[in-house]
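Residues per chain, in single letters:
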Amino acid sequence: MSYKKTIIDCFRNRLRRLINVEPVLDLLHFISDEQKELIRLKVRTEGDLRAADVLLNEIISKDYPQGWFRELITALETVGCKHAANYMENNPPSPSVEVENDHCIKLIDLLKLTLVDMKTKDVCYNCFQRRILTQDDCENIIAVNDQHGNRAGARLLLSRLVRKEIGWYSEFLEALEETGHGMLAHELRGETLEGHDTVSGEGDGPRALKDDVEMVGHASMQEVLADSLSPLPSSGLGSSQSSSVSVPCLEGESLDCSVDTSDIFSSADASADLDAELDLYKGSNEELEREPTAMSMNLPVSDGEIVLRDYQMEVARPALEGKNIIVCLPTGSGKTRVAVYITKQHLESRKQTAQPGKVVVLVNKVPLVEQHYKAEFGRFLKHQYSVERVSGDSQLKISFPRVVEKNDIVICTAQILENSLAKAKQGDEDGIKLSQFTLMVIDECHHTQKGEVYNHIMVRYLKQKHRNAGLMKEHKTPMPLPQILGLTASPGVGGAKTQQKAEEHILRICANLDAYTIKAESPTEEHTGPYKRIASAAERKEDPFGDVIKGIMDEIHAHAELKPLCQPGTQNYEQWVVQKEQNAAKDDDPQVRVCAEHLRQYNEALHQNNTIRMADAFIFLCKYHDEEMKKKTNRDEDDDIQITDTERFLFCLFKDKKARLQELMKNPQYENNNLGTLKTQILKEFTSRTKARGIIFTKTRHSAIALNQWIQENPKFESVGVRSSHLIGGGDQSVVKPMTLAEQRDVLNKFHEGEINVLVATSVAEEGLDIEKCNFVIRYCLVTNEIAMIQARGRGRAEDSSYTVVGEAGSGVAERESVNEYREKMMSKAIARVSSLRREEYETKIKENQMQAIMEERVKAKKNQQKGMMKESPNKVKFSCRSCNTPVCSGEDIEIIEKMHHVNVTAAFRKLFTVRENSSLQERFLDYEANGFIACKQCGQRWGSMMLYKSIECPCLHIKNFVVTYGSKKKTFSKWNELAIRFSVFDYCQHTELLAHSSDEEVEVTE
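Residues numbered from 1 in each chain as written. Predicted model: local features only at pLDDT ≥ 70, side-chain atom pairs only at ≥ 80, totals over all residues. Heavy atoms only, no water.

A count of helices and strands for the protein chain gives 37 helices and 25 strands. For the protein chain, the proportion of its 1007 residues judged to be buried stands at 56%. (Helix = DSSP H or I, 4+ residues; strand = E, 2+ residues; numbered from the N terminus. Buried < 20%, exposed > 50% of the residue type's maximum accessible area, 1.4 Å probe, protein only.)

Among the nonpolar cores identified, the biggest contains 82 residues, and Trp168, Phe172, Leu188, Leu417 and Met440 are the most heavily contacted of them. With 7 residues, helix α34 (residues 813–835) is the single largest residue contributor to this core. Apart from the residues lying within four places of it in its own chain, the contact partners of Trp168 are Asn101, Cys104, Ile105, Ile108, Ile132, Leu161 and Val162. Ranked by size, the runner-up nonpolar core spans 44 residues in total, among them Leu683, Ile696, Ala704 and Val764. (Core = buried A, V, L, I, M, F, W, Y, C linked by side-chain atoms within 4.5 Å. Contact = heavy atoms within 4.5 Å.)

As a further point, take the packing of helix α27 (residues 614–631) against helix α28 (residues 645–665). Two elements in contact, α27 and α28, have axes separated by 11 Å at closest approach and are oriented at 155°. One finds that α27 runs roughly antiparallel with respect to α28. Two packed elements cross with a definite hand, and for α27 against α28 that hand is left-handed. In this structure, α27 contributes Met614, Ala615, Phe618, Leu621, Cys622, His625, Glu628 and Met629 to the contact, and α28 contributes Leu650, Phe651, Phe654, Lys658, Leu661, Gln662, Leu664 and Met665. Residue composition of the contact of α27 with α28, by class: 12 nonpolar, 2 polar and 2 charged. (Axes fitted to C-alpha atoms, helices over the stretch in contact; angles between N-to-C directions. Parallel < 35°, antiparallel > 145°, perpendicular 65-115°, else oblique. Left-handed = near helix turned anticlockwise from the far one by under 90°. Nonpolar A, V, L, I, M, F, W, Y, C, P; charged D, E, K, R; others polar.)

Okay, the side chain of Lys164 next. Here Lys164 is to be found in the loop between α12 (150–161) and α13 (168–178). At 3.1 Å, the side chain of Lys164 forms a polar contact with the backbone oxygen of Gly80. For Lys164, the side chain forms a polar contact with the side chain of Asp137, separated by 2.6 Å. With residues up to four places along the chain from it excluded, the contact list for Lys164 reads Val79, Gly80, His83, Ile132, Leu133, Thr134 and Asp137. (Polar contact = N/O pair within 3.5 Å; in protein donor to acceptor, adjacent residues only side chain to side chain.)

The next thing to look at is the sheet that holds strand β15 (residues 887–890). Strand order in this open sheet of 4 strands is β15-β14-β23-β24, and the pairing throughout is antiparallel. Edge positions in the sheet fall to β15 and β24 (969–971), since each has one partner strand and no second. Pairwise comparison of adjacent strand axes, ignoring direction, gives a mean angle of 25° for this sheet. As defined by bridge partners, strand β14 (residues 877–881) adjoins β15 across 3 bridges and the pair is classed as antiparallel. (Pairing = 2+ DSSP bridges.)

Mean pLDDT over the protein chain works out to 80, with 80% of the residues at or above the 70 mark. Looking at the elements of the protein chain, mean pLDDT is at its lowest for helix α15 (residues 221–225), recorded as 36, and at its highest for strand β5 (residues 439–442), recorded as 96. Counting contacts from residues 193–302, a segment whose pLDDT is below 50, to residues more than four positions away or on other chains yields 332 contacts. Low pLDDT (under 50) marks residues 523–527, which in the prediction has 9 contacts with non-local residues, meaning those over four places away or in another chain. (pLDDT = per-residue confidence, 0-100.)

What follows covers the pattern of salt bridges. Summed over the entire model, instances satisfying the criterion amount to 52 salt bridges. As a salt-bridge pair, Arg130 and Glu171 come within 2.9 Å of each other at their nearest N and O atoms. Here Glu171 lies in helix α13 and Arg130 lies in the loop between α10 (120–129) and α11 (135–148), a separation of 41 residues in the sequence. A relative accessible area of 19% means that Arg130 is categorised as buried. A salt bridge links Arg833 to Glu503; its shortest N-O distance comes to 3.1 Å. Remark: Glu503 occurs in helix α23 (residues 499–512) and Arg833 occurs in helix α34; sequence separation between them is 330 residues. By the burial criterion, Arg833 is buried, and Glu503 matches it. In this structure, a network of salt bridges that share partners links the residues Arg16, Lys42, Glu46, Arg50 and Asp53. (Salt bridge = Lys/Arg side-chain N within 4 Å of Asp/Glu carboxyl O.)

As a further point, take the pairing of β14. The side chains of a regular strand alternate, first on one face of the sheet and then on the other. With 4 of 5 residues buried, β14 lies mostly within the body of the structure. Bridge count between β14 and strand β23 (residues 962–966): 5 bridges; the pairing is antiparallel. Paired with Lys878 across the strands is Thr965, a residue of β23. Where β14 folds back onto β15 in an antiparallel hairpin, the turn is made up of 5 residues, including Asn885, whose phi is positive at roughly 65°.

Here we take up the packing of aromatic side chains. Taken as a whole and judged by the stated rule, the model has 17 aromatic pairs. Centre to centre, the rings of Phe30 and Trp68 are 5.9 Å apart; their planes meet at 70°, and the pair counts as edge-to-face. Of this pair, Phe30 sits in the loop between α3 (21–26) and α4 (33–46) while Trp68 sits in helix α6 (residues 68–78), placing them 38 residues apart in sequence. Accessibility assignment for this pair places Phe30 and Trp68 in one class, buried. Measuring from centroid to centroid gives 5.3 Å for Trp710 and Phe717, while their planes differ by 80°, and the two rings are edge-to-face. Aromatic ring contacts, followed pair by pair, group Phe879, Phe909, Phe913, Trp943, Phe962, Trp976 and Phe983 into a single cluster. Above the face of the Tyr373 ring, Arg389 is positioned so that its terminal group lies 3.8 Å from the ring centre. The cationic tip of Arg693 hangs over the ring face of Phe751; the distance from NZ or CZ to the ring centre is 5.3 Å. (Phe/Tyr/Trp six-rings, centres within 6.5 Å; stacked < 30°, edge-to-face > 60°. Lys NZ or Arg CZ within 6 Å of the ring centre and 35° of its normal.)

If you trace the 7 strands from one edge of the open sheet to the other, you get β3-β4-β2-β5-β6-β1-β7, paired in parallel fashion. Single-partner strands in this sheet number two, and they are β3 (387–390) and β7 (517–519). Put simply, the sheet's adjacent strands are angled 15° from each other on average, direction ignored.

The following block contains the structure:
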């Protein structure tokens, strides 16, 4: 056998999956016509894989005239099989690149049921323009699409793509984004969709604590490289066993044996993930009167006595030796108890050596401050040490430095500490320094990533560590730094698609926390995970309620001359209609803008119709239209606010269809099957257990409240002893009234006492909160990422517990859950490999990541400084109403209170708006309160809130409600910091003098 045929035979398993047989045959002249027909027949009867086997056998087994090999390579390259040609020429990709490509193919296979609902023709043309599909590919895909439907075309498109030369995956993701499939691209990247809310922005999630600065770019990197950097000191103590770190393919197999691209992709309905949001620092200032729930671990201890189990002691050991570590244990395995034990030992050892000791415990959610104080640190340590807690809801945050000075242990939100550290850097006497602490405990430390508050604090730590290295070289005394203890149930994989990327993610977290190691011991059998099952609901046979809503949307499309790129009721449609509204606002097109707003609400109603009752979707639409009508009524004036012809059309359209919707919602046979499946699962749990207690996780606040109401109104649930309540977040990012901390705590206490035995919760209950052991957990039409899956599953830690995912068959829920399971395995393997790296190799990688973090921080600081210097004068911008385009004010009229609230207190501005009551929220803070909102007198568009600041009414503007004109350009913004303008600071004294003078003049006129 010749060398070239030996190479083909060597790579046969790869090649058989990469060759597009029929078009290649058309260009091969060294194979007889008779043999070609036999191979083509094989394609038609048994598929490409079997036909490729026959073709390769034919090539290897027979002799051909000189030039056959070049003809074969040219044919492969011509028909778009360049990847196969590379293998034949013995030019395969590197092993790591090859494995990553295999993982990309596997990820597409896992998400096949979602991907087949793409708009095939649009994606096909875009891929053709990007040259990842040939003209022949494109013609075949379009033909199949026209003859057999969109999904068949999508399957062919995907089967062709996975055969392409490496680099196709990133091009495909960009093609998805450009054709309106942003959610699919995000999902394939494994990214969470921060900042992308549902229509009402109702999600509650353990959101990262983010800064509003820009992402670091590359433009200024050379300037920063000019700064001389000394190497970081080694974090090494001791050594560990050597371990070879390779990057295996998925489940230990390669593409050769695990991915069959000829049989890829069966039909299903698409569905999209939504990340929920949770305002981490807003809450109530009400005192939490009741004690928190009992310990998650049933340890035989009394207050003041701490006894660790063997596995807990094992993970704690390096920290007891003074090393920085990350403790990774499942939810309910006693991570916080380990931290309390380490804290106690740390303070006792410092005391024995006559050294001062001070511990700060950082959390990322306000409720955790009180929980950690009462349930753990205060319970076990307050008899021996002074323990205090401080959060954004506490008056003590004003005197934070004093609290730190007086106490041995301080429990606080990370933002409180970051604010105080920033003050110290600016020379403010109210600031504190990291050197004042000897131990820093970071709860939920997987949030220590770029842009998050935990990471800001740790970058300060790493910078000082770097400076200390220089001081020691100069034989000067370094500044002391605290020992670091990170706690997490799941560090995740950061959206990694390969094992190598997962390991890099774990190493980054270790570097960010300056960890000597990450400890993740397997707990005893009592902490093994719950039994897991997927409960698939049958697809809906008919949906007349949804059809009426879609009919309304079609009429709106026609009225506004809109042509949607995707099906209503999907997340892709949501993205499309949001973009339309933004563009219409900038283009001064009120007709399209108001139509897009209404379409967004109808799209949300379709989603609700698929997850909760038709009645809930109907009530949602009625409430929205009632609120819109109220906007058109000005109670302060005699005349109503103007109503445009388009608005009148929209109001009449809903009014005409309202009776039909109301009639259909009363017919139970048209309800979605998800509710029936959920009902079956709940009844099964309560009839098969002597004492059932569980959590149902759902996506939005509205669905949590609606599902709870559905449970309470159903007599079958009452007959088996179901007593439910909802649990939602505390931030004001939704039309649904949030829960205060006291309300949340009251619900959790009732759940602990057994007064409530089913919680219907948003993802606010996934992470951190101390919730009583459950014996069943249900994720209802909700799949996000692997961290959320692990956190939610960890709630089911009672004996013989179950974890159930409920979703409609073909919705993609089961497939995304399998992706999360795969990523969980990647995470566990990555932690094991990172913890077993040779000490020298580990420290080298840690140092590289830390230097990169320092460099990026310097680049960011320089960019922010330049950005601040480049800010324009406020007189260069004008603001107009987003809805009716009425001119509102100039940038010169806007002032800033406390570096964040943008107010306009001019007399001219007050004539343009009316004040309305905000029924869903009443916020009260230390210096101001916000009870009502301000709205445009012309169209009723909400502009912001009426804030009472130190007894002065200040209209506070929200930039998202305006169109900003800069020169001839019009733009919309979601945050004020996106607008590079230097606004003046609000002068409280000057304004009060003006108010007093105006009041005196009014009195004189009256007299």
